[in-house]
Amino acid sequence: MKILIDNGHGKTTPGKCSPDRSFFEWQFNREIAIPLVEELKRRGYDAERIVTEDDYDVTLTERCRRVNSWVAKLGRKNVILVSVHANAAGNGGWRTARGFSVFVAKVASDASHRLAQSLYAAADKRGLRGNRSVPKSHYWEANFAMVKNTKCPAVLTENLFYDNMKDLAILKSEEGKRKIVDLHVEGIINYLNTLQ
Ligand SMILES: [Zn+2]
């Protein structure tokens, strides 16, 4: 099983920062994706980042192509994709929405649903549910390119809101980042364990 981790956005992606410009999403996504891959490898899993470029934004088309080339090589049952992000409720200014969410495509495989639910359970366990209403399924549906145009089980995590002051404090803290890495490790491994 190849575990692919996408750290969405690059330094040149417009917007994608907290209202006080103390937090940049492209950077945060890497601060989660890098230790996440390291921890999965340490535990004996085959994990890697699909985007190691930092200085420019690798297009969604290219990101999907990289994932799908692994799928072509290994088969769709032997690859999963988790795209790591942080959320914003608005376009500037502080907002009230808080918490973790995980997205699948509007038409998604049962495997994608179960991977998403496993990640949600690991986030909820760590007190990261937030203050919004959560779908009964515990995942959200949206046709983001990374989940819609990839041919393996694929989810996209939105790890709290960087335009909420309380969430931002968690996102910037070492403890908060550790929790977010850990929930991905646990959510991914618990899902993989159901396949055996
Ligand atoms: Zn994002």
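The structure we're discussing is the one just above.
Structure report, in brief. (Residues numbered from 1 in each chain as written. Predicted model: local features only at pLDDT ≥ 70, side-chain atom pairs only at ≥ 80, totals over all residues. Heavy atoms only, no water.)

### A few points about the pattern of salt bridges
Point 1. Applying the stated rule across the entire model yields 18 salt bridges.
Point 2. Residues Lys-11 and Asp-55 are paired through a salt bridge, measuring 3.5 Å at the closest nitrogen-oxygen approach. Here the residue Lys-11 occupies a position in the loop between strand 1 (2-7) and helix 1 (25-42), and Asp-55 occupies one in the loop between strand 2 (46-49) and helix 2 (60-74), the gap between them amounting to 44 residues.
Point 3. With a closest N to O distance of 2.9 Å, Glu-39 and Arg-42 form a salt bridge. Separated by three residues within a single helix, Glu-39 and Arg-42 lie in helix 1, roughly one turn from each other.
Point 4. Looking at Arg-42, the relative accessible area reads 62%, which means it is exposed.
Point 5. Via salt bridges that share partners, Glu-53, Glu-62, Arg-65 and Arg-66 belong to a single interconnected network. (Salt bridge = Lys/Arg side-chain N within 4 Å of Asp/Glu carboxyl O. Helix = DSSP H or I, 4+ residues; strand = E, 2+ residues; numbered from the N terminus. Buried < 20%, exposed > 50% of the residue type's maximum accessible area, 1.4 Å probe, protein only.)

### Remarks on the packing of helix 1 against helix 6 (residues 174-194)
Point 1. Helix 6 packs onto helix 1 with a crossing angle of 45° between their chain directions and a minimal axis gap of 9 Å. With respect to their mutual orientation, helix 1 and helix 6 come out oblique. Between helix 1 and helix 6 the crossing geometry is right-handed. Within the contact between the two elements, helix 1 uses Phe-28, Glu-31, Ile-32, Pro-35, Leu-36, Glu-39 and Leu-40 and helix 6 uses Lys-177, Ile-180, Val-181, His-184, Val-185, Ile-188 and Ile-189. (Axes fitted to C-alpha atoms, helices over the stretch in contact; angles between N-to-C directions. Parallel < 35°, antiparallel > 145°, perpendicular 65-115°, else oblique. Left-handed = near helix turned anticlockwise from the far one by under 90°. Contact = heavy atoms within 4.5 Å.)

### Overview of the layout of surface pockets
Point 1. Quantified by volume, the largest pocket comes out at close to 530 Å³.
Point 2. What lines the largest pocket is a set of 29 residues, among which His-9, Lys-16, Glu-25, His-85 and Tyr-162 lie closest to the centre.
Point 3. The dominant element in the lining of the largest pocket, judged by the number of residues it contributes, is strand 3 (residues 79-87), at four residues.
Point 4. Here the lining of the largest pocket is built from residues that sort into eleven nonpolar, eleven polar and seven charged.
Point 5. Counted as a void, the second largest pocket has a volume near 260 Å³.
Point 6. What lines the second largest pocket is a set of 21 residues, and nearest its centre among them are Ser-109, Ala-111, Ser-112, Cys-152 and Pro-153.
Point 7. Every element with two or more residues in the lining of the second largest pocket is listed here: strand 3, helix 3 (110-125) and helix 4 (145-148).
Point 8. Residue contributions to the lining of the second largest pocket peak at three residues, all from helix 3.
Point 9. Residue composition of the lining of the second largest pocket, grouped by class: 13 nonpolar, three polar and five charged. (1 Å grid on protein atoms, 1.4 Å probe; cavity = no way out; pocket = protein on both sides within 12 Å on 5 of 7 lines; lining within 4 Å. Points joined across faces, edges and corners; volume = space filled by probe spheres on them. Nonpolar A, V, L, I, M, F, W, Y, C, P; charged D, E, K, R; others polar.)

All quantities given are derived from atomic positions and should not be read as evidence of function.
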